[in-house]
Amino acid sequence: MTDKAFVEITNICNLNCSFCAGHKRRSSYMSPESFKLVLDKLAGKVKYLYLHLMGEPLTHPQLKEILEIADGYSFRVMLTTNGTLLDSCADTLFGCKSLFKISISVHAFEGNGEDEARLEGYLDKLTGFAVNSAEHGIITVFRLWNSGGSDKLNKKIIARLHEYSTSRGETPTPNRSGERLCDKTFIEWGEKFDWPDTDAIASLEADAQTEDRFCYALRDQFGVLVDGTVVPCCLDHDGVLALGNIFKSELDDILNSPRAKAIYDGFTRHRALEKYCLTCKRVRPGIR
């Protein structure tokens, strides 16, 4: 069983974040019928179902139906959002029995050049949502994945979230990826999100593939784009490493295809066989 599957229910977003790679594909929504077909093929093969890859999932006009379909399976559903549409979607989200965690990319505020004067109101809406989320047994994570990038407001954001924690009678407590603020509510921080760079492929050294490289692509995750294209990981935003199409083939056949096996076996030997992977900063030297 693979740990995670990223299913892109839409590649449409309501923001234009400076840190996002975007995509060159046709913009679309996955229909509920297509979504159910995907889940039928994922059933018993993955534990965590992430309803995103590119795009803002809360823009989906049939989100309620999508989540109701997910409730019919045994997945733990994870959702990442920029947080701007949470108010309008709250009832739909809280009605989903399988929704396990909502991650809010708080760095999207600064990544869109928002007026700093609006920051307090933005965070107040998010923390208010987190209170309701916890009451429904859902984890909320405030993501600040912008260290070394657009992170000028991080100190103010963290200070405000600490105030929220103390107002709930709690003390922020460090953990492996950030801090626990209060019941089912966390801050998570990380480095600026760098996407693989197709433009850099031509400049790669001829022997770059022989360097010590490792990635968990296909080992603990894979992605399904909105058109059904299966990709090795959640960073393949344009389907460069297309392995097959889940609407046309069985998942096992796709994950055991020659290209998929070569990628997997290559990383087992600490080698990146695809040039696209060599442009990804998250493909790093492995620990033997």
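Here the structure is shown first, and the text comes after it.
Quick caveat, the model's predicted, so the values are computed rather than measured.

1. Quick notes on the nonpolar core
And step 1. Of all hydrophobic cores here, the largest spans 84 residues; its most connected members are Phe35, Leu39, Leu42, Leu49, Leu93, Val106 and Phe222.
And step 2. At seven residues, the largest contribution of residues to this core is made by helix α5 (residues 119-135).
And step 3. Every residue in contact with Leu42, bar those within four places of it in the chain, is listed here: Ala5, Val7, Leu49, Phe75, Phe222, Ile246 and Leu251.

2. Focus on the pattern of salt bridges
And step 1. Under the criterion given, the structure shown has 15 salt bridges.
And step 2. For Glu8, the salt bridge goes to Arg25, with nearest N and O atoms at 2.8 Å. Here Arg25 lies in the loop between β1 (2-7) and α1 (32-42) and Glu8 lies in the loop between β1 and α1, a separation of 17 residues in the sequence.
And step 3. Looking at Glu8, the relative accessible area reads 0%, which means it is buried.
And step 4. The class for Arg25 is buried, based on a relative accessible area of 17%.
And step 5. Across the salt bridge formed by Lys64 and Glu68, the nearest N and O atoms sit 2.6 Å from each other. Placement of both Lys64 and Glu68 in helix α2 (residues 63-70) is noted, with a separation of four residues, approximately one turn of the helix.
And step 6. Here the residues in one salt-bridge network are Glu120, Asp124, Arg160 and Glu163, joined through shared partners.

3. Re the side chain of Thr185
And step 1. Examined against the element boundaries, Thr185 turns out to sit in strand β8 (residues 185-191).
And step 2. Take Thr185: its relative accessible area is 0%, and that puts it in the buried class.
And step 3. Sequence-distant contacts of Thr185, that is, excluding residues within four places in its chain, are made with Ala130, Thr140, Phe142, Tyr164 and Arg180.

4. Comments concerning the pairing of strand β3 (residues 76-81)
And step 1. Most of β3 is tucked away: five of the six residues are buried.
And step 2. When strand β2 (residues 46-50) meets β3, the two strands line up parallel, connected through three bridges. Paired with Tyr50 across the two strands is Met78, which belongs to β3.
And step 3. Taken together, β2, α2 and β3 constitute a β-α-β crossover, and its handedness is right-handed.
And step 4. With five bridges joining them, β3 and strand β4 (residues 99-105) adopt parallel strand pairing.

5. Notes on α2
And step 1. Buried within α2 we find Leu63, Ile66, Leu67, Ile69 and Ala70. Summarising the axial view, the buried residues of α2 lie within an arc of 155 degrees, below the 170-degree limit, and thus occupy one face.
And step 2. The elements touched by buried residues of α2 are α1, β3 and α3 (86-94).

6. Description of the packing of aromatic side chains
And step 1. Tallied over the entire structure, the rule returns six aromatic pairs.
And step 2. Judged by centre distance (6.4 Å) and plane angle (55 degrees), the ring pair of Tyr48 and Phe100 falls under tilted. Here Tyr48 is found in strand β2, whereas its partner Phe100 is found in strand β4, with 52 residues between them in sequence.
And step 3. A residue is classified by how much of its surface remains accessible, and Tyr48, at 15% relative accessible area, is buried.
And step 4. Given a relative accessible area of 26%, Phe100 falls into the partly exposed group.
And step 5. One cation-aromatic arrangement involves Arg143 over Trp145; the distance from NZ or CZ to the ring centre is 3.9 Å.
And step 6. Note that Arg219 overlies the ring of Tyr264, its terminal NZ or CZ placed 4.0 Å from the centroid.

7. Some details on the environment of Glu68
And step 1. The exposure class of Glu68 is partly exposed, given its relative accessible area of 47%.
And step 2. On a C-alpha basis, the gap between Glu68 and Val46 in space is 18 Å, while along the polypeptide they are 22 residues apart.
And step 3. Of note is the side chain of Glu68, whose polar atom sits 2.6 Å from the side chain of Lys64.

The rules we used
- Residues numbered from 1 in each chain as written.
- Predicted model: local features only at pLDDT ≥ 70, side-chain atom pairs only at ≥ 80, totals over all residues.
- Heavy atoms only, no water.
- Core = buried A, V, L, I, M, F, W, Y, C linked by side-chain atoms within 4.5 Å.
- Buried < 20%, exposed > 50% of the residue type's maximum accessible area, 1.4 Å probe, protein only.
- Helix = DSSP H or I, 4+ residues; strand = E, 2+ residues; numbered from the N terminus.
- Contact = heavy atoms within 4.5 Å.
- Salt bridge = Lys/Arg side-chain N within 4 Å of Asp/Glu carboxyl O.
- Pairing = 2+ DSSP bridges.
- Right-handed = clockwise from strand over helix to strand, strands pointing away.
- Arc of directions from axis to C-beta.
- Phe/Tyr/Trp six-rings, centres within 6.5 Å; stacked < 30°, edge-to-face > 60°.
- Lys NZ or Arg CZ within 6 Å of the ring centre and 35° of its normal.
- Polar contact = N/O pair within 3.5 Å; in protein donor to acceptor, adjacent residues only side chain to side chain.

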